[in-house]
Amino acid sequence: MKRGLVWFTEDLRVDDNETLLKAIEENDEIVPVFFLKSFADQPQFSILRRGLAREKFIRDSLLNLQKKFIDRGGTLLVVDGVPQAELPRLCVEYQIRKVYTKKQVGSEEKMLQTEIKQQLLKLGVDFQTYSTSTLYHPDDLPFSVRDIPMLFTKFRKLAEKESKVRAPFDAPQRIVTPQLEVLPLEVEECSTPEWMIGGEDAALERLNEFVWETQSIRTYKATRDQLTGLNFSSKLSAWLSQGCISPRRIYSEIKRYELEFVSNESTYWVIFELLWRDFFRFSFKKHPKAYFLLNGLGQQALYTQFDPSKFEAWTQGKTSESLINAGMNELRVSGFVSNRMRQILASYWVFGLQQDWRYGAAWFEHCLVDYDVASNWGNWAYIAGVGNDNRGGREFNIEKQTQLFDKDGEYRRTWGEFSKGV
Ligand SMILES: Cc1cc2nc3c(=O)[nH]c(=O)nc-3n(C[C@H](O)[C@H](O)[C@H](O)COP(=O)(O)OP(=O)(O)OC[C@H]3O[C@@H](n4cnc5c(N)ncnc54)[C@H](O)[C@@H]3O)c2cc1C
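Residues numbered from 1 in each chain as written. Predicted model: local features only at pLDDT ≥ 70, side-chain atom pairs only at ≥ 80, totals over all residues. Heavy atoms only, no water.

Draft legend 1. Spotlight on unusual backbone geometry. Although it is not a glycine, Gln95 adopts a positive phi angle of roughly 50°. Along the chain, Gln95 falls in the loop between helix 3 (83–93) and strand 4 (98–102). When its relative accessible area of 64% is taken as the criterion, Gln95 is described as exposed. We note that Gln354 has phi near 55°; this positive angle belongs to a residue other than glycine. Among the structural elements, Gln354 can be located in the loop between helix 13 (339–352) and helix 14 (357–367). (Helix = DSSP H or I, 4+ residues; strand = E, 2+ residues; numbered from the N terminus. Buried < 20%, exposed > 50% of the residue type's maximum accessible area, 1.4 Å probe, protein only.)

Written out as structure tokens, the structure is:
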């Protein structure tokens, strides 16, 4: 009997999942596994990497994935341990001939994959990775990873002109696994917004709501900079980061909507933003370590100091700026803030408080449910002026931003006073 092991990470879905499909195609049975523990349990800059809100979202997503497996005749094995120790053991136990998993872009994730690949080599087990998290498949880009343009606009224009987005794969109908023990997963309650429920089903529901039910996609370009509300933007980021939905599935639904209703600047702009996401992921492939360094891709960082009292004030919403306090409270309590607010908060940490940008990025990593290694560190480096566009960074004038986006004070009233966090 041919048996393959599918190592799930940030690809918690059955739809458009080439890794899963390949494993099913090449084997009689598969052993699908997720490991609850990882290096993300180690703090960075003394800040815990994964807060409760993201932990909950991942567990919700696993429960939903488990249901999808059971519906198709199989089970998902959730292991309360680290892959370095558990994966080789499982390969021996289940007589695995090949391990299938998603390609990683972060430096630590890549190092872990290399370590595991070497361990498996000694056991005679093959190890194969698949690119499943971007809109454009890397093999279809008109440049190699080494030659990826430094600037987004050049990347986007070349990709749009010379590549095509592949059609998404459908989910498998049947999944055959051996009898696997189902680990009961405890999910702690926390103060994230009601709509933020992990899992593929919730992701597809949200896509349907944003595109078809409310047709909010029609006006997205005009609304995307708002601070409050559900439908001003897609809110798909957390599902994208855990891979509960693929960007290609989103793209294909947008194209369908454009054919049936309207194709305008707004419908295109969601795709444009997904291209930013691709851009950071591909840039990370080229520079897997540089985005975590003070000087990023090579530009001298403007500020190098770290003052713990400023960090405390910023993270707990106790600075002298009411808009910043509201934004930091929303981030800490709900695990989400709009793109505009993220830019304002990051700019204030770097330029207002004049601090080492990496502590800010690490705090976002802790709080954000949609934390994504490339989008978070790539955007932070960009704002700090040490990333892809290194022309001095991006400083936001708080007074002007307040006038533009919270003139009536609704946002500051909603998030003004909070002491608890996620
Ligand atoms: C300092 C900072 C940190 C950020 N950290 C993250 C992060 O950890 N994870 C994350 O997913 N996004 C991050 N972003 C990007 C962006 O703010 C969020 O993706 C977006 O706010 C999520 O809301 P949405 O799904 O409604 O986005 P929409 O506006 O509906 O956009 C659709 C999708 O496009 C992608 N996207 C949108 N804007 C960006 C962008 N600037 N860069 C990369 N992808 C983008 C996201 O996947 C998003 O879900 C960060 C931005 C900044 C300025």
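Draft legend 2. Looking closely at the pairing of strand 4. By the criterion of burial, strand 4 is predominantly enclosed, with 5 of the 5 residues buried. The two faces of strand 4 match: Lys98, Tyr100 and Lys102 on one face and Val99 and Thr101 on the other face are all buried. Two elements, strand 1 (residues 3–8) and strand 4, share 4 bridges in a ladder whose sense is parallel. Note that in strand 4 the partner of Trp7 across the bridge is Thr101. Examined bridge by bridge, strand 4 and strand 5 (residues 126–130) share 5 bridges and lie parallel to one another. The residue of strand 5 that forms the bridge with Tyr100 is Gln128. (Pairing = 2+ DSSP bridges.)

Draft legend 3. Structural detail: the sheet that holds strand 3 (residues 77–79). Ordered by their spatial adjacency, 5 strands build an open sheet running 3-2-1-4-5, and the pairing between neighbours is parallel. Because the sheet does not close on itself, it has two edges, and the strands there are strand 3 and strand 5. When the angles between neighbouring strand axes are averaged without regard to direction, this sheet yields 25°. In this structure, strand 1 lies alongside strand 2 (residues 29–35), joined through 6 bridges in parallel fashion. Among the inter-strand pairings, Gly4 is bridged to a residue of strand 2, identified as Ile30. (Axes fitted to C-alpha atoms, helices over the stretch in contact; angles between N-to-C directions.)

Draft legend 4. Looking closely at the domain arrangement of the protein chain. When its domains are assigned, the protein chain resolves into domain 1 (3–132), domain 2 (200–286) and domain 3 (291–415). Computed from C-alpha coordinates alone, the two centres of domain 2 and domain 3 are separated by 23 Å. On the domain 2 side of the contact with domain 3, Leu227, Phe280 and Phe284 bury the most area, a combined 41% of that side's loss. Linking domain 2 with domain 3 are 2 salt bridges. Residue Arg340 is joined to Asp225 by a salt bridge in which the shortest nitrogen-to-oxygen separation is 3.3 Å. Only helix 8 (237–241) and helix 10 (265–286) provide two or more residues apiece to the side of domain 2 that touches domain 3. (Domains from an automatic or database assignment. Buried area = accessible area lost by both parts, 1.4 Å probe. Salt bridge = Lys/Arg side-chain N within 4 Å of Asp/Glu carboxyl O.)

Draft legend 5. Highlighting the pattern of salt bridges. The tally for this structure, following the rule as stated, stands at 29 salt bridges. For Lys98, the salt bridge is made with Glu26, and the minimal N-O distance between the two is 3.0 Å. One end of the pair, Lys98, is in strand 4; the other, Glu26, is in helix 1 (residues 18–26), with 72 residues separating them in the sequence. Given a relative accessible area of 11%, Lys98 falls into the buried group. Residue classification places Glu26 among the partly exposed positions, given a relative accessible area of 25%. When the shortest N-O distance is used, the salt bridge between Arg166 and Asp140 registers 2.7 Å.

Draft legend 6. The arrangement of the pairing of strand 1 in detail. Judged by how many residues are buried, strand 1 sits mostly within the fold: 6 of 6 residues are covered. The β-α-β motif built from strand 1, the intervening helix 1 and the parallel element strand 2 has right-handed crossover chirality. (Right-handed = clockwise from strand over helix to strand, strands pointing away.)

Draft legend 7. Examining the site of the ligand more closely. By nearness alone, 27 residues border the ligand, and Tyr220, Ser233, Ser234, Lys235 and Asn339 come closest of all. Contacts to the ligand include Ser237, whose backbone N or O atom sits 3.0 Å from an oxygen atom. Residue Asn379 places a side-chain N or O atom 3.0 Å away from a nitrogen atom belonging to the ligand. Surface burial for the ligand is 97%, taken as the share of its 810 Å² of free accessible area covered by protein chains. Secondary-structure elements contributing two or more residues to the shell around the ligand are helix 8, helix 10, helix 13 and helix 15 (373–384). Three or more residues apiece are contributed to the shell around the ligand by two domains, here domain 2 (200–286) and domain 3 (291–415). (Near = heavy atom within 4 Å. Polar contact = N/O pair within 3.5 Å; in protein donor to acceptor, adjacent residues only side chain to side chain. Areas by Shrake-Rupley, 256 points an atom, 1.4 Å probe, with all protein chains shown as cover.)

Draft legend 8. Structural detail: helix 2 (residues 52–71). Between the first and last C-alpha of helix 2 there are 29 Å, a value that for 20 residues agrees with the 28 Å anticipated at 1.5 Å per step. Within helix 2, 14 of the 20 residues are buried, leaving the element largely enclosed by the surrounding structure. The positive-phi residue at the C-terminal boundary of helix 2 is Gly73, with phi of around 95°. (Expected span 1.5 Å × (residues − 1).)

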